[in-house]
Amino acid sequence: MLQAIIGGLTLGSVYALIALGFNLTYTTTRTLNFAQGDFVSVGAFVGLGTVGVLTAALGADAVGYVWLYALAAVAAALVMGVLGLPLYLAAIRPFAGKPGMSWVVSTIGFGIVLQSAALSVWGLGARMLPAPFGDEVFRIGEAGFRSQELVVLVLAVAILGAFDVAMRRTAIGRCMRAVALNRDAAALMGIDVPRVMAMAFLASSALAGLSGVLVAPILSASLFMGVIIALKGFSAAIIGGLTNPRGCMAGGLLIGLVESLTALWSAQWREIMVFLLVILVLAMAPNGLFGRKLVEKV
Amino acid sequence: MTKTKTASTNTAPARPRLTALLGAAAAVLMTASVQAQAADPIKIAYNGDISGSPSAESGQIGVLGIGAAVEDINKRGGVLGRPLEFLVRDDLGQPPKAIQNMTDLIDREKVSVVFGPTNSGNALAWKHIANQKRMPVLVSSASSTAITEGPSSGNYLFRVSMVDREQAAALLAYVKKNPEAKAVGFFVETTGYGQAGLKDLEQIAALHGMKPVSIEKFDARDTDMTSQLSKAKAAGADTLVVWAQAAPLGHLVRSMEKLDYFPKVFTTWAASFSGFPEVAGPKLMEWPVFLTTSSERKSAEADSLFARIGPKLANPSMFWAASQAYDTVLLWAAAAEQAGDTKGEAVRAALESLNKPVAGMVKTYDKPFSATQHEGLTAADYHWSRWKDGKVVDFNDPVLAGLQPADFKK
């Protein structure tokens, strides 16, 4: 049971990071990045590539692997964050704020381009990114954990907390909240709305890239791994409420726990239970557990 | 008169000259035709996945093996005096693309034989086309049992590769014979591959009178199988037979480590694919015992082939994929030479009654096929293997040494 809870919270915290990314773009632009899964997968490979390049350049023992891994995580967040800008410019900006759902196809298309390009560089196979604190199993009673599960859990919660504070205390955070609340009023107050929207995509994509590096030592990196993580992240955002960042975080942890605890009974029922939960929540609270209704003027 | 005479005189010697000229022209034409035919290559093709799915790795290596065989055959004069021209078609792991490739190769390219595919689902999608169009196919990789099942009057599919049913027969023969295996569990993927494997395992276990204490399933994308393993542990399973692709198999042994539960693990050739050692890591990858068609190289020919293509292999332990693909070309070439023809019917008949042994990389094939038997390799030919120090090596133990042909129930 303890094993299932830790495992569930670990993956749940990653779903929460992805859900937060969906929240950022939805509240500022009323659009979602359906290529988020590809940003997770490619982010993991950018991390792997960074470790490879640094090891080749500096030598295997030049600095501790923990530092290499940390640099890889930063590189993945930066590269994927910067890639979020062309995504915004090419696939979102022409359609944001306009009626229609063209951005759904354009973001999916951007994801396919990204994945295909990555496939030509890294190929199809699964790769294991070594964990920064080793791959040994720690035991508490009969349950066993790997260090990376705790690293992911702690880092993800820290990042979620930092975002929560940043959104309330920093200028850019306040700008984002202002744009989310009322785009026109924010513009009238002198906020550069397109810049804030671009920042939202940058942050959302960076979170996806970072998530990829965090889970790669647990799940093994493959260019197809992101799809299911992003789908669960999206479900988390729907359950928690797309408009509420704290709700998205709670939704992620809830989904992680539900699938992990269901597996104790029957692994094949995990997905069924997760999506039954999504349907149940939507039936009872259409805007998610902590969301509010957004009125869109057309 | 004179005219006539002249004409006659002129005509008489002209006839033999004309005949001689016509004869010479015909001879020139025939020589040109023979030369053209001699230069006219026989097209052969590979239709399989070399880029689209994780199995593409075996396709890429298979193509290298076929290419090497073509090179060797062309060096010794080709087949029936004609050189071989090798075409490669990537089916991307997608059945519709595989079908499109197949009809293109047969109808437009007019190939004489098709090798491949990589994925069983694709072979099952187009095998009716091969049978209808009488196109010999030598399967060099895909392992689903049903691929070589077909009408005895018109089955054109032959195989030199693993067969799922044969793998299940071999694995369960060992488990049944092993006195330490008191309680066996079956662990399978929820994919078509895993489900077909479970069906074979259950049917063969019934033939042995064995009843698994635990049957657990997992998604091919799963990375944590601790819940399924906990159940097998609680059921007392001391031996697991696993039917899964390389990456989930790696996650299964990682999950075993988390529970500190290490039952004996027997599995298919999937363990030799790169994804397994990559995910499992250097220590855990040595735990399972699995089957391959060739583990360690034991002949000078195999060493020579490895020297040529080994440097191109990202995972040299998958050299078996090149070896068996190489052998498919040798077998087809032997059949075409025996038939004196490359037409489908003639080659099929010759394959079913090869009158000379063919020395291949995996083994020497002595009458490998018949009208009812289209498998070039069976359970008794498989190599028992395991990973050791980063290489696939032979696995040997007294139980294996004691296995008799009658133990391979199927």
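The structure displayed is predicted, hence computed values, not measured ones. (Residues numbered from 1 in each chain as written. Chains lettered and ligands numbered in written order. Predicted model: local features only at pLDDT ≥ 70, side-chain atom pairs only at ≥ 80, totals over all residues. Heavy atoms only, no water.)

Enquirer: Please provide a residue-by-residue account of the nonpolar core, values included.
Expert: Core analysis: the largest hydrophobic core is formed by 105 residues, its most contacted members being Phe115(B), Leu240(B), Val242(B), Phe276(B), Leu331(B), Trp332(B) and Trp384(B). No other element matches helix α11 (residues 319-339) of chain B, which puts 13 residues into this core. Residues lining this core come from more than one domain, with at least three contributed by each of domain 1 (42-162 + 297-377) and domain 2 (165-292 + 384-407) of chain B. Among the nonpolar cores identified, the runner-up in size contains 79 residues, and Leu20(A), Ala200(A), Met225(A) and Met249(A) belong to it. (Core = buried A, V, L, I, M, F, W, Y, C linked by side-chain atoms within 4.5 Å. Buried < 20%, exposed > 50% of the residue type's maximum accessible area, 1.4 Å probe, protein only. Helix = DSSP H or I, 4+ residues; strand = E, 2+ residues; numbered from the N terminus. Domains from an automatic or database assignment.)

Enquirer: Outline the domain arrangement of chain B, supporting the account with residue identities and numerical values.
Expert: Residues and elements named next belong to chain B. According to the domain assignment, chain B consists of domain 1 (42-162 + 297-377) and domain 2 (165-292 + 384-407). Placing the centre of domain 1 and that of domain 2 at their C-alpha centroids yields a distance of 29 Å. Taken together, the contacts link 14 residues of domain 1 with 15 residues of domain 2. Among the residues domain 1 hides against domain 2, the three largest losses belong to Met162, Ser317 and Trp320. Together they make up 46% of the total. Taken together, the connections running from domain 1 to domain 2 amount to zero salt bridges. Applying the counting rule to domain 1 against domain 2 returns seven residue pairs in polar contact (both at pLDDT 80 or more). Elements with a minimum of two residues in the side of domain 1 that touches domain 2: α2 (56-75) and α11. (Contact = heavy atoms within 4.5 Å. Buried area = accessible area lost by both parts, 1.4 Å probe. Salt bridge = Lys/Arg side-chain N within 4 Å of Asp/Glu carboxyl O. Polar contact = N/O pair within 3.5 Å; in protein donor to acceptor, adjacent residues only side chain to side chain.)

Enquirer: Which residues make up the interface of chain B and chain A, and what are the values?
Expert: Taken residue by residue, the interface counts 24 residues in chain B and 25 residues in chain A. Among the residues of chain B in contact with chain A, Arg254(B), Lys258(B) and Glu278(B) are the three that bury the most area, contributing 31% of the side total. Inspection of the chain B/chain A interface yields four salt bridges. Of the charged contacts, one joins Arg254(B) and Asp135(A) as a salt bridge, the two residues approaching to 2.7 Å between their closest N and O atoms.

Enquirer: Mind laying out the packing of aromatic side chains, listing which residues take part and the relevant values?
Expert: Residues and elements named next belong to chain A. Applying the stated rule across the entire model yields 19 aromatic pairs over all chains. Relative to Trp269, the ring of Trp265 has its centre 5.4 Å away and its plane inclined at 45°; by these criteria the two rings are tilted. Under the relative-accessibility criterion, Trp265 is labelled exposed at 54%. For Trp269, a relative accessible area of 39% translates into the label partly exposed. (Phe/Tyr/Trp six-rings, centres within 6.5 Å; stacked < 30°, edge-to-face > 60°.)

Enquirer: With reference to specific residues and values, describe the sheet that holds strand β14 (residues 391-394) of chain B.
Expert: Within a sheet, each strand pairs with its neighbour through backbone hydrogen bonds, oriented either parallel or antiparallel. All names here are of chain B. The seven strands are arranged β7-β6-β8-β9-β10-β13-β14 in an open sheet whose pairing can be described as mixed. This sheet does not close on itself; its edge strands, each paired only once, are β7 (214-218) and β14. The sheet shows a mean angle of 30° between the axes of neighbouring strands, taken without regard to direction. Here five bridges tie strand β6 (residues 184-189) to β7, and the two strands are oriented parallel to one another. In the sheet register, Gly185 faces β7, and the bridge partner there is Ser214. The sheet strands contacting helix α7 (residues 226-234) are β6, β7 and β8 (239-243), and the helix crosses β7 at an angle near 175°. (Pairing = 2+ DSSP bridges. Axes fitted to C-alpha atoms, helices over the stretch in contact; angles between N-to-C directions.)

Enquirer: Outline the packing of helix α2 (residues 36-58) of chain A against helix α9 (residues 225-240) of chain A, listing residues and values.
Expert: All names here are of chain A. At their nearest, the axes of α2 and α9 sit 7 Å apart, and the two run at 130° to each other. If you check the angle between α2 and α9, you find them oblique. Like other packed secondary-structure pairs, α2 and α9 cross with a definite hand, here right-handed. The segment α2 lies against α9, with Gln36, Gly37, Val40, Ser41 and Ala44 engaging Met225, Gly226, Val227, Ile229 and Ala230. The residue makeup of the contact of α2 with α9, split by class, is six nonpolar, four polar and no charged. (Parallel < 35°, antiparallel > 145°, perpendicular 65-115°, else oblique. Left-handed = near helix turned anticlockwise from the far one by under 90°. Nonpolar A, V, L, I, M, F, W, Y, C, P; charged D, E, K, R; others polar.)

Enquirer: So what about unusual backbone geometry? Which residues, and what values?
Expert: All names here are of chain B. Cis geometry is adopted by the peptide bond preceding Pro117, which originates at Gly116 and carries an omega value of -5°. Secondary-structure assignment places Pro117 in the loop between β3 (113-115) and α4 (120-132). Although it is not a glycine, Arg134 sits at a positive phi angle of roughly 55°. Take Arg134: it is sitting in the loop between α4 and β4 (137-139).

Enquirer: For α9(A), give the residues involved together with the corresponding values.
Expert: The α-helix advances 3.6 residues per turn, and as a result positions three or four apart in sequence lie on the same side. Residues and elements named next belong to chain A. When the terminal C-alpha atoms of α9 are compared, their 23 Å separation across 16 residues agrees well with the 22 Å that a helix rising 1.5 Å per residue should span. Most of α9 sits inside the fold, with 12 of its 16 residues counted as buried. Three or more residues of α9 are buried, namely Met225, Gly226, Ile229, Ala230, Lys232, Gly233, Ser235, Ala236, Ala237, Ile238, Ile239 and Gly240. In this structure, the buried residues of α9 make contact with α1 (2-29), α2, α8 (193-219), α10 (245-265) and α11 (270-284). Of the residues trailing α9, Gly241 is marked for its positive phi of about 110°. (Expected span 1.5 Å × (residues − 1).)

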